[in-house]
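# Coordinate inspection notes
The primary structure of each chain is shown beneath.
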Amino acid sequence: MNRMYLLLFGLAIALAGTALWAFNTVLEFEKPAIDLKEDLSTIGQGRFIALSVSDQKSGIRSVSATISQDGKDHVVLSENYPGGTREQALSPELNLRGLHLKDGPATITITAEDHSWLKNRTTLAVETSIDTVPPQIGLISSAHNVNAGGTGVALYRVSEEVTRTGIRVGDRFFQGYPYAIQAKPCHIAYFAIPVSASKGGLKILITARDKAGNESSVILPHLVREKKFKDDKITLSRAFLEQKMPEFRQHDSRVPATPLEAFLFVNETLRVENARTIQAAGSKTQPKALWEGTFLRMKNAAPMAGFAQERTYLFEGMAVSKSTHLGVDLASTERAPIESANSGVVVHAGYLGIYGNTVIVDHGLGLSSLYAHLSDISVKIGQNVARGETLGSSGSTGLAGGDHLHFSILVGGEFVNPTEWWDAHWIRDNVTGKLTETASQEAPATQKAQPAKAKAKGKKKKARG
Ligand SMILES: [Zn+2]
């Protein structure tokens, strides 16, 4: 008999517990939470309201969003969750033109309700300003004659405050930085021209996006000078691979044991990973030019290999791998001092796969220089370096057969031909000259004062072209 009572008692407790639990889930007092993911103080055509709603107790029953202007409400979101949801991310699109909303003030109201018997409700009202006018872009620099594999520089103005602006070359984006010409604000951007760029085959756009999310772009008129780069065949001896590959294995346990497999891993997989590291280092840039004058070329050094050389690697008579040499190789004496080509800030100092011991110096506005295969490094990340200051000594670390410097220049993390930056005429015609030329164009008084100089410049350009 006792056992029977015990069983009934247990059953009663279980039932009471279930009822209490059910009661708790539907009768709760906590309001749903609404979390806006972005600033909505200004909104433009095609903008999304990124938000998330959550209710940890009874769950979300419904979410709605309206946009109101001049006393009219327009529903932009209406979702129901009969089964409840603890957390929900939503991003309704604001088709402002479709809703016949006009530029000016408006209110966005978001409401979330839960499954409690009390229908706990949270309402969030955001005062916003509708702006569907995209920024106007005005090009100020002229004569963008660029070399395949080289660097381009452009100056332009935007009509309003922007959150993102720069130059799009194919699928690559190069950030534009605030600049001023005679105290008038504008933007400057350095951009890289692909090695394979052809005359008429490249689309370069200046783009700008405002706070409301409106984006505009204009074509940057330019002229590409096509370039032919040399091909090179490199014979890999078994002795070289057997001597070199253990260095990579020391730094990276993924490097295979057999010499050829090790080389293929290093030359292909590691090369791609190193390029990503370099791109990330190159993006740590100052928003102003830190450099001045021409870039220094390693003293008393013989050129060993040029930029954009297409390399085919031969092993025991077979072509086994390929690469594009995105720098210049220079050799002098062993352990020669390596100087910073220009002033800047060290953004990388350490071992970097195929590049061995490497230093990367940021020169501002996305421009940086890279020094590879060093035997030792004498600078630290974050250190300011002057033009000509010693960074370390040359060596043969990484994928190098002998003591030499591999020197690269990068724009927005993309490799460009360094020889342009060694050339005072190129810098004057394509970078510094553009700034002063633009300044004189914009101020008629200055232009009148220097007509002879402007003429001489025009003549010189023709002679060089
Ligand atoms: Zn090299």
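Here we summarise the structure given alongside this text. (Residues numbered from 1 in each chain as written. Predicted model: local features only at pLDDT ≥ 70, side-chain atom pairs only at ≥ 80, totals over all residues. Heavy atoms only, no water.)

## Structural notes on helix α2 (residues 238–251)
Stated formally: Secondary structure counts use DSSP, requiring at least four H or I residues in a row for a helix and at least two E residues in a row for a strand, with both numbered from the N terminus. Any helix carries an expected span of 1.5 Å times its number of residues minus one. The angle between axes fitted to the seven residues ending at a residue and the seven residues starting there is what we call the bend at that residue. Exposure is judged per residue with a 1.4 Å probe applied to protein chains only, and the accessible area is read against the type maximum: over 50% gives exposed, under 20% gives buried, and values in between give partly exposed.
For α2, built from 14 residues, the straight-helix expectation of 20 Å at 1.5 Å per residue is met to within 8% by its first-to-last C-alpha distance of 21 Å. The largest bend in α2 comes to about 25°, at K244, with the proline P246 one to four residues further on. The set of residues buried in α2 consists of F240, L241, K244, M245, E247 and F248.

## Details of the pattern of salt bridges
Proximity of charged atoms lets side chains of opposite charge pair with each other. Spelled out, the test is: Just to be clear on terms, a salt bridge is a Lys or Arg side-chain nitrogen sitting within 4 Å of an Asp or Glu carboxyl oxygen.
According to the stated counting rule, one finds 16 salt bridges in the structure shown. The shortest N-O distance in the salt bridge between E113 and R61 comes to 3.7 Å. Taken together, the positions of E113 in strand β9 (residues 104–114) and R61 in strand β5 (residues 60–69) put the pair 52 residues apart, joining distant regions of the chain. By relative accessible area, E113 is classed as buried at 10%. Taking the relative accessible area as the measure of exposure, R61 reaches 25% and is therefore partly exposed. E316 serves as the salt-bridge partner of R238, at 3.2 Å between the closest nitrogen and oxygen. Of this pair, R238 sits in helix α2 while E316 is found in the loop between β23 (309–315) and β24 (318–325), placing the two residues 78 residues apart along the sequence.

## Re unusual backbone geometry
The phi torsion at D70 lies on the positive side, around 50°, for a residue other than glycine. Structurally, D70 is set in the loop between β5 and β6 (72–85). Of note in the backbone geometry, Q182 takes a positive phi value of approximately 50° without being a glycine. Mapping Q182 onto the fold places it in the loop between β16 (177–181) and β17 (184–192).

## Structural notes on the side chain of H348
Note the threshold: What qualifies as a polar contact is a pair of N or O atoms within 3.5 Å, subject to a donor-acceptor requirement within protein and to the restriction that residues adjacent in sequence count only when both atoms come from side chains. Note on contacts: a residue pair is in contact if any heavy atoms of the two residues lie within 4.5 Å.
Tracing the sequence through the fold places H348 in strand β27 (residues 344–351). By relative accessible area, which is 14% here, H348 ends up buried. A polar contact is formed between the side chain of H348 and the backbone oxygen of G350, at a distance of 3.3 Å. In this structure, H348 is in contact with A281, T358, V359, I360 and I381, ignoring residues within four places of it in sequence.

## Some points on the sheet that holds strand β32 (residues 390–393)
Our working definition: For two strands to be treated as a pair, DSSP must find no fewer than two bridges joining them.
On the basis of which strands lie adjacent, the open sheet formed by 3 strands has the order β26-β32-β30 and antiparallel pairing. Looking at which strands have only one partner, the edges of the open sheet turn out to be β26 (337–339) and β30 (376–377). Of the pairings in the sheet, the one linking β26 to β32 comprises 3 bridges and is antiparallel in character. The residue of β32 that forms the bridge with P337 is S393.

## What to know about the coordination of the zinc ion
Basically, it comes down to this: Sites may look incomplete because water is not among the atoms; the donors themselves are N, O and S atoms within 2.8 Å of the metal, or within 3.2 Å for Na, K and Ca.
Protein ligation of the zinc ion involves H325 (NE2), D329 (OD) and H406 (ND1), the donor distances falling in the range 1.9 to 2.1 Å. For the zinc ion, the donor residues sit on a single chain with the sequence spacing H-x3-D-x76-H. With H325 in strand β24 and H406 in strand β33 (residues 405–411), this pair connects stretches of sequence that are 81 residues apart. Taken individually, H325 and H406 each receive the classification buried, so the pair is uniform in this respect.

## Description of the environment of E292
Note that E292 resides in the loop between α3 (259–282) and β22 (302–305). We classify E292 as exposed; its relative accessible area is 64%. In sequence terms E292 and R387 are 95 residues apart; their C-alpha atoms lie 8.3 Å from each other.

## A look at the packing of α2 against α3
For clarity, the cut-off: Only the contacting stretch of a helix is used when fitting its axis, a line to C-alpha atoms as for every element, and angles between N-to-C directions run 0 to 180 degrees. Roughly parallel here means an angle under 35 degrees, roughly antiparallel means over 145, roughly perpendicular means 65 to 115, and every remaining angle is called oblique. Crossing chirality is assigned from the near helix's rotation relative to the far helix, an anticlockwise turn below a right angle marking it left-handed and a clockwise turn marking it right-handed. Following the grouping adopted for this structure description, the nonpolar residues are Ala, Val, Leu, Ile, Met, Phe, Trp, Tyr, Cys and Pro, the charged ones are Asp, Glu, Lys and Arg, and the polar ones are all others, Gly among them.
For the pair α2 and α3, interaxial distance at closest approach is 9 Å and the crossing angle is 55°. In terms of orientation, α2 lies oblique with respect to α3. With respect to the hand of their crossing, α2 and α3 are arranged in left-handed fashion. Contact residues: R238, L241, E242, M245, F248 and R249 in α2; P259, L260, A262, F263, V266 and L270 in α3. Residue classes in the contact of α2 with α3 are distributed as 9 nonpolar, no polar and 3 charged.

## Describing the packing of aromatic side chains
To keep things clear, this is the line we draw: Classification of ring pairs rests on two measures: the distance between centres of Phe, Tyr or Trp rings, Trp counted by its six-membered ring, which must be within 6.5 Å, and the angle between planes, read as stacked under 30 degrees, edge-to-face over 60 and tilted in between. A ring is considered to have a charge above it if a Lys NZ or an Arg CZ atom is located within 6 Å of its centre and within 35 degrees of its normal.
Inspection of the entire model under this criterion finds 9 aromatic pairs. Aromatic pair Y190 and W421: ring centres 6.0 Å apart, planes at 50°, arrangement tilted. Of this pair, Y190 sits in strand β17 while W421 sits in helix α4 (residues 419–422); the two residues are 231 residues apart in sequence, bridging distant segments of the chain. An identical accessibility class is assigned to Y190 and W421; each is buried. An aromatic cluster is present here, built from Y190, W291, F295, W421 and W426 joined pairwise through their rings. Against the face of F173 rests R164, its NZ or CZ located 3.8 Å from the ring centre. When the ring centre of F174 is taken as reference, the NZ or CZ atom of R172 above it lies at 5.1 Å.

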